[in-house]
Amino acid sequence: MEHHDWFKKSIPLIASENITSPAVDEACASDFSHRYAEGWSGQRVYAGCTYIDQIEDICMELAKEYYKCIHADVRPVSGVVANLVMYNAFTSDNNGKMCCMSIVRGGHISHGPRFAKSGREIYGTAGTTRGINVEYLAFDNDEMNLDIDASAKIIREFEPELVLFGGSVFLFPHPVKELGEVAKEVGAYVGYDAAHVSGLIGSGYFQDPLREGADAMTMSTHKTLPGPQHGTLVSNREDLIDTLRSCAFPALLSNHHLHNVAGLAITFAEMLEFGKDYHKNVIENAKALGQALHERGLKVLMEHKGFTESHQIVVDITEFEKTIGLGGDIERLLEKANIIINRNLLPYDISQGRHYQNPGGLRIGTSEITRLGMGKSEMVDIAELIKKLVIDKESPNKIKDEVIDFRKEFQEIHYCFQKSSKAYEYLKFY
Ligand SMILES: *Cc1c(COP(=O)(O)O)cnc(C)c1O
């Protein structure tokens, strides 16, 4: 209760989060959450799956329609599990080799090498890629993107089995086409981790990895795609479907959280209907928020490129080190005022001696506030609230009252079906 109440009075700006519609909530709270269904639809090893199979089939069909592809596996229970399925399919059991984004420059912990040298830059290891030797692609800090020439050289020298694109700090489309060709030269598969940008891609923005050369694309279903917490893997490679399927089950899944599959089916239906409009606004809001913060004196990265092409912006807050502190301190200050944001490493943090626990950046996302119905003028309001806290040093208690007041008008979920409408057809299955 207290958490719900608090979030209804807050400005949620975490780039990896979103909010589900009432129809999705209903599906996720249904009896499906008590059931088991192992394996592929129609080939289950449990009884009682009649309707579960129907909704999973619908979910796969809608995913294929949204991503314009021939294979969708909606069973991975999270983005990380979808990545593991891809690693399983595309790399050798022992001493597999992968090239991907460095974690400290925006890669995800599930790209984290256990043994790679550069992985020790921060954690030592996350261990998800246990058994895979990881070599990081080169990154251009000034462009906040992969450096094509230097990365091509790394791929040619390292000869990986998998080249993986995508990341958690993800402002601009990755050069999948250019580096994918180099990957093919050395016989590597091309993977794309769309955890953050899966909604943008499905709705036709950002980039189109499956048509730019990716053999498989993995995702979380709850970041820009506003669904329940889950994962999905899609592909257009007919010849790889069996492998991809069997690398998921019985390898990495048993039951696969059927209530979330039901909720995800509704999410895909919602996005096929409203995604074009929703995600256009998500991206426009991100640019507008970047601009508004920039105009108020905050150091938003990538002004020369319009700040972003995605749902996120990154702010360098190192100038506040002596007054407020770094990312962790600013995160706590904003939280006191009901502004929920997350700290993030800047690509140059580690080389400048900052630690991931208290990095020099903030990552701000507009997926959730857009779904709550906010537009460009609210981006200016939010920038103003943030400025009052970090630049004017106004008291967080005072700003908190302003935030609560501001949020009052934004309590409904937008870009979803109303109770009386079409999506509720899907609910007949449970
Ligand atoms: C969030 C994220 C994941 C993991 O997603 P979960 O659904 O939390 O398991 C994987 N890759 C990237 C790039 C991410 O940002």
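Here the residue index of a chain counts from 1 through its sequence in written order. Thresholds applied to this predicted model are a pLDDT of at least 70 for local features of residues and 80 or more for the giving and counting of side-chain atom pairs; totals over whole chains, interfaces and linings are not thresholded and use all residues. Excluded from the side-chain calculations are hydrogens and water; all other atoms, namely the structure's heavy atoms, are used.

J.: How should unusual backbone geometry be read in this particular structure?
T.: Glycine aside, the phi torsion of most residues is negative, and most peptide linkages are trans. The omega angle of the peptide bond from Phe 249 to Pro 250 is 10 degrees, so this bond is cis rather than trans. Relative to the assigned elements, Pro 250 resides in the loop between helix H9 (241-248) and helix H10 (258-295). The backbone phi angle of Phe 206 is positive, close to 70 degrees, even though this residue is not glycine. By secondary structure assignment, the location of Phe 206 is in the loop between helix H7 (198-202) and helix H8 (209-212). Each helix is a run of DSSP H or I of at least 4 residues and each strand a run of E of at least 2, with the numbering of both proceeding from the N terminus.

J.: Is there a simple way to explain the sheet that holds strand E14 (residues 342-344) in this structure?
T.: Whether parallel or antiparallel, the strands of a sheet pair through hydrogen bonds between backbone atoms. The strand order across the open sheet built from 4 strands is E11-E12-E15-E14, with neighbouring strands paired in antiparallel fashion. Strands with a single pairing partner mark the edges of an open sheet, and in this sheet they are strand E11 (299-300) and E14. Any two strands with at least two DSSP bridges between them are considered paired. Where E11 meets strand E12 (residues 312-316), 2 bridges bridge the pair, whose relative direction is antiparallel. Among the inter-strand pairings, Val 300 is bridged to a residue of E12, identified as Val 315. Every residue pair with non-hydrogen atoms within 4.5 Å of one another is taken to be in contact. Only the stretch in contact is used when a helix axis is fitted, and all axes are lines through C-alpha atoms; the angle between N-to-C directions ranges over 0 to 180 degrees. Sheet contacts for H10: E11, E12 and strand E15 (361-365); angle to E12, the most-contacted strand, approximately 20 degrees.

J.: Would you explain the environment of Leu 298 in this entry?
T.: One can find Leu 298 in the loop between H10 and E11. Note on classification: 1.4 Å probe, protein chains only; a residue is buried when its accessible area is under 20% of the maximum for its type, exposed when over 50%, partly exposed between these limits. On the accessibility criterion, Leu 298 (5% relative accessible area) is buried. Non-local contacts of Leu 298, meaning those with residues more than four positions away in its chain, are made with Leu 293, Val 315, Phe 320, Ile 386, Val 390 and Ile 391.

J.: What is the right way to read the packing of helix H13 (residues 376-390) against helix H14 (residues 396-407) from this model?
T.: In helix packing, the relevant descriptors are the interaxial angle and the interaxial distance, both defined with respect to the helix axes. Orientation of H13 relative to H14, taken along the N-to-C sense of each, is 170 degrees, at an axis distance of 10 Å. It follows from the interaxial angle that H13 and H14 lie roughly antiparallel. In the packing of H13 onto H14, the handedness of the crossing is left-handed. Seen from H13, the contacting residues are Glu 378, Asp 381, Ile 382, Leu 385, Lys 388 and Leu 389; seen from H14, they are Pro 396, Ile 399, Glu 402, Val 403 and Phe 406. Charged residues are taken to be Asp, Glu, Lys and Arg, nonpolar residues to be Ala, Val, Leu, Ile, Met, Phe, Trp, Tyr, Cys and Pro, and polar residues to be all remaining types, Gly included. The residue inventory of the contact of H13 with H14, partitioned by class, reads 7 nonpolar, no polar and 4 charged. Here roughly perpendicular refers to angles of 65 to 115 degrees, roughly parallel to angles under 35, roughly antiparallel to angles over 145, and oblique to all remaining angles. Take the far helix as the reference: if the near one is turned anticlockwise from it by less than a right angle, the crossing is left-handed, and if turned clockwise, right-handed.

J.: It is not clear to me how the domain arrangement of the chain should be interpreted in this structure. Could you clarify?
T.: Interfaces are often sized by the accessible area lost when the parts come together. Note that the domain bounds were set by an automatic or database domain assignment. When its domains are assigned, the chain resolves into domain 1 (22-269) and domain 2 (276-407). Surface buried jointly by domain 1 and domain 2 totals about 2,300 Å² across both partners, of which 64% is contributed by carbon and sulfur atoms. The quantity reported as buried area is the accessible area (1.4 Å probe) lost by two parts once they are put together, taken as the sum for both. Broken down residue by residue, the surface that domain 1 buries against domain 2 is led by Leu 171, Phe 172 and Tyr 205, which jointly contribute 24%. The salt bridge criterion pairs a side-chain nitrogen of Lys or Arg with a carboxyl oxygen of Asp or Glu, the two atoms within 4 Å. For the pair domain 1 and domain 2, the interface holds 1 salt bridge. Of the charged contacts, one joins Lys 305 and Glu 143 as a salt bridge, the two residues approaching to 2.3 Å between their closest N and O atoms. We call two N or O atoms a polar contact when they sit within 3.5 Å, provided that within protein one can donate a hydrogen and the other can accept it, with sequence-adjacent residues counted only if both atoms are side-chain atoms. Linking domain 1 with domain 2 are 17 residue pairs in polar contact (both at pLDDT 80 or more).

J.: Help me out: how do you make sense of the site of the ligand in this one?
T.: Throughout, the term near means that a residue has one or more heavy atoms lying within 4 Å of the molecule or strand in question. What surrounds the ligand is a group of 14 residues, the closest being Gly 79, Ser 168, Asp 193, Ser 220 and Lys 223. Here an oxygen atom of the ligand and a backbone polar atom of Val 80 are 2.9 Å apart. Per-residue and other accessible areas follow the Shrake-Rupley method at a 1.4 Å probe size, with only the shown protein chains counted as cover for residues. Here the ligand loses 86% of its free accessible area of 390 Å² to cover by the protein chains. Here the element with the most residues in the shell around the ligand is helix H4 (residues 79-90); it accounts for 3 residues. Per-class residue counts for the shell around the ligand are 2 nonpolar, 10 polar and 2 charged.

J.: Would you take a moment to explain the sheet that holds strand E3 (residues 96-100) for this structure?
T.: Strand order in the open sheet made by the 7 strands is E2-E10-E9-E8-E7-E3-E4, with mixed pairing throughout. Two strands bound the open sheet, and with one partner strand each, they are strand E2 (71-73) and strand E4 (132-136). Strand-to-strand twist across the sheet, computed as the mean angle between neighbouring axes with direction ignored, equals 20 degrees. Against the sheet, H4 makes contact with E3, E4, strand E7 (162-165), strand E8 (189-193), strand E9 (216-220) and strand E10 (231-235), and its axis sits at roughly 160 degrees relative to E9, the strand it touches most.

J.: Looking at this structure, I do not really get the pattern of salt bridges. What am I missing?
T.: Side-chain pairs of opposite charge can arise whenever the charged atoms involved come near each other. Applying the stated rule across the entire model yields 27 salt bridges. Across the pair Lys 280 and Glu 284 runs a salt bridge whose closest N-O atoms are separated by 4.0 Å. Separated by 4 residues within a single helix, Lys 280 and Glu 284 lie in helix H10, roughly one turn from each other. Since its relative accessible area comes to 37%, Lys 280 is described here as partly exposed. The partner of Glu 309 in a salt bridge is Lys 287, with the nearest N and O atoms 3.2 Å apart.

J.: What am I meant to see in the side chain of Ser 21 here?
T.: Along the chain, the position of Ser 21 falls in the loop between strand E1 (11-12) and helix H2 (22-28). Since its relative accessible area comes to 1%, Ser 21 is described here as buried. With residues up to four places along the chain from it excluded, the contact list for Ser 21 reads Glu 270, Arg 371, Ile 413 and Cys 416.

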